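# A look at the structure
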Amino acid sequence: MTTSTVRIVSLFPELLGTYGDGGNAAVLARRLQWRDIAHDHVTVDATDAIPTTGDIYLVGGGEDGPQTEASRRLLADGGLHRAVERGAVVFAVCAGMQILGHRFPDGAGRDQPGLGLLDCVTIRVDRPRAVGELLTTDATIALDGGTMPLGSLTGFENHAGRTVPGEGVRPLGAVAVGEGNGDGSEGIVAGRVIGTYLHGPALARNPALADALLSFVVGDDLAPLDDTEVDALRADRIRAARAHELAPRRSWRDRLRRT
Ligand code: GLN
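Everything quoted here is computed from the prediction, not taken from an experiment.

Parameters at a glance
- Residues numbered from 1 in each chain as written.
- Predicted model: local features only at pLDDT ≥ 70, side-chain atom pairs only at ≥ 80, totals over all residues.
- Heavy atoms only, no water.
- Helix = DSSP H or I, 4+ residues; strand = E, 2+ residues; numbered from the N terminus.
- Rg over C-alpha atoms; globule rule 2.2 N^0.38 Å.
- Buried < 20%, exposed > 50% of the residue type's maximum accessible area, 1.4 Å probe, protein only.
- Areas by Shrake-Rupley, 256 points an atom, 1.4 Å probe, with all protein chains shown as cover.
- Lys, Arg positive; Asp, Glu negative; His and termini not counted.
- Charge placed at Lys NZ, Arg CZ, Asp CG, Glu CD.
- Near = heavy atom within 4 Å.
- Polar contact = N/O pair within 3.5 Å; in protein donor to acceptor, adjacent residues only side chain to side chain.
- Nonpolar A, V, L, I, M, F, W, Y, C, P; charged D, E, K, R; others polar.
- Pairing = 2+ DSSP bridges.
- Axes fitted to C-alpha atoms, helices over the stretch in contact; angles between N-to-C directions.
- Contact = heavy atoms within 4.5 Å.
- Expected span 1.5 Å × (residues − 1).
- Arc of directions from axis to C-beta.
- Salt bridge = Lys/Arg side-chain N within 4 Å of Asp/Glu carboxyl O.

When its secondary structure is counted, the chain shows eight helices and 14 strands. Its C-alpha atoms give the chain a radius of gyration of 17 Å, within 12% of the compact-globule value 18 Å for 259 residues. Counting only C-alpha atoms, the chain reaches 60 × 45 × 35 Å along its principal axes. Taken across its 259 residues, the chain has 52% of its residues classed as buried. Total accessible area on the chain stands at roughly 11100 Å², and carbon and sulfur atoms take up 51% of it. On the chain, the mean spot of the 27 positive side-chain charges and the mean spot of the 34 negative ones are 6 Å from each other.

Taken together, 14 residues form the shell around the ligand, and within it Gly62, Asp64, Cys94, Asn158 and Gly161 come nearest. Taking glutamine 98, its side chain carries an N or O atom lying 3.1 Å from an oxygen atom of the ligand. The fraction of the free accessible surface of the ligand (300 Å²) that becomes covered by protein chains is 99%. Counting residues per element, the ones that place at least two in the shell around the ligand are helix 2 (64-77), helix 4 (95-100) and strand 9 (146-159). Along the lines of polarity and charge, the residues of the shell around the ligand split into four nonpolar, eight polar and two charged.

Here we have six strands laid out as an open sheet, ordered 2-1-3-4-14-13, and mixed in their pairing. The open sheet has two edge strands, strand 2 (39-44) and strand 13 (188-190), and neither has a second partner. Each adjacent strand pair in this sheet contributes to an overall mean axis angle of 15°, direction not counted. In this sheet, strand 4 (residues 89-93) lies alongside strand 3 (residues 56-59) in parallel orientation, the contact comprising four bridges. Across the sheet, isoleucine 56 pairs through a bridge with valine 89, a residue of strand 4. Against the sheet, helix 6 (residues 207-218) contacts strand 1 (6-11), strand 3, strand 4 and strand 14 (193-196), and its axis sits at roughly 155° relative to strand 4.

We now examine unusual backbone geometry. Residue proline 201 is reached from glycine 200 by a cis peptide bond, and omega for that bond is -5°. In this structure, aspartate 36 takes a positive phi of about 60° despite not being glycine. Secondary-structure assignment places aspartate 36 in the loop between helix 1 (23-34) and strand 2. In this structure aspartate 36 comes out as exposed when scored by relative accessible area, which is 72%. Even without a glycine there, the phi angle at cysteine 94 is positive, about 55°. Looking at the secondary structure, you find cysteine 94 in the loop between strand 4 and helix 4. The class of cysteine 94 is buried, set by a relative accessible area of 5%.

For helix 2, spanning 14 residues, the distance from its first C-alpha to its last is 20 Å, which sits close to the expected 20 Å at 1.5 Å a residue. Those residues of helix 2 lying buried are Gln67, Thr68, Ala70, Ser71 and Leu74. Summarising the axial view, the buried residues of helix 2 lie within an arc of 165°, below the 170-degree limit, and thus occupy one face. The exposed set on the far side of helix 2, more than 90 degrees from its buried face, consists of Arg72 and Ala76. Buried residues belonging to helix 2 abut strand 1, helix 3 (79-85), helix 4, strand 5 (103-105) and strand 6 (111-113). Count one or two residues on from helix 2 and you reach glycine 78, which has phi positive near 80°.

In this section: the environment of arginine 170. Here arginine 170 lies in the loop between strand 10 (161-165) and strand 11 (173-177). As a C-alpha pair, arginine 170 and isoleucine 188 span 18 residues in sequence and 5.8 Å in three-dimensional space. Apart from residues no more than four positions distant in its own chain, arginine 170 is found in contact with Thr140, Ile141, Ala142, Gly187, Ile188 and Val189.

Below, the discussion takes up the pattern of salt bridges. All told, the structure shown has 15 salt bridges when counted by the stated rule. Close ionic contact of glutamate 69 with arginine 73 constitutes a salt bridge, the shortest N to O distance being 2.6 Å. Of the two residues, glutamate 69 and arginine 73 both sit in helix 2, four residues apart, roughly one turn of that helix. Taking relative accessible area as the criterion, glutamate 69 reaches 28% and is therefore assigned partly exposed. Residue arginine 73 is classed as partly exposed on the basis of its relative accessible area of 31%. For aspartate 144, the salt bridge is made with arginine 192, and the minimal N-O distance between the two is 2.8 Å. Taken as a pair, aspartate 144 in the loop between strand 8 (130-143) and strand 9 and arginine 192 in the loop between strand 13 and strand 14 lie far apart in primary sequence, 48 residues in all. Each of Glu133, Arg205, Asp236, Arg237 and Arg239 takes part in salt bridges that share partners, so that together they form one network.

Set out below in structure tokens:
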């Protein structure tokens, strides 16, 4: 286990912070603090140079316009690519995941280049925006020392784009409720670069996923924490997601079937 300070970097929260994903940094910081592991948290504005020495980079969701702007700046800066080459962890949500792929549509439906850090493309489809609870079946993630169980991943989604993973790409999970990538899979994992459609914030709703990100950096012998309260909240949200599936989603599907 490393004893050095874990550096958490939040990228462009003024462009990619619409859905509360900034909370992911707070969750990582708190779980490190509870374990007495030194950390710092840097917030990078879109006009700042991106530091390349971070351990975990967080990219949030956002509206179409700011998403395009963020992608341009990330491409021009190049710092996130250099950090990934160094072995940094990236956790990117919704617009963030779309930006990390090869391309995504802007507000006018025109393709915009992404960073190519994830092998996927995001497209606009002739389907309603995916809005609502998002739940996966039991998920796992591959760490350096083995596989870590994550349980069901829960959150909410709100996106127009659908993401098509490349051949052989590993998803984060399989959709139980909601839309996710749009093909029954949810999220993408490429080594230490992880994308997801889960808002929530995702790491507050899924502490095992937060610990998986931390394990990439500090090793997988993390001291256990008392997650009793969050487990109760998770059970509540998982129930709500399943109940949600029985109500509005059914009419949504019926509507789709009729068109
Ligand atoms: N603008 C993107 C879409 O609608 C991403 C939305 C988001 O980040 N929640 O698909």
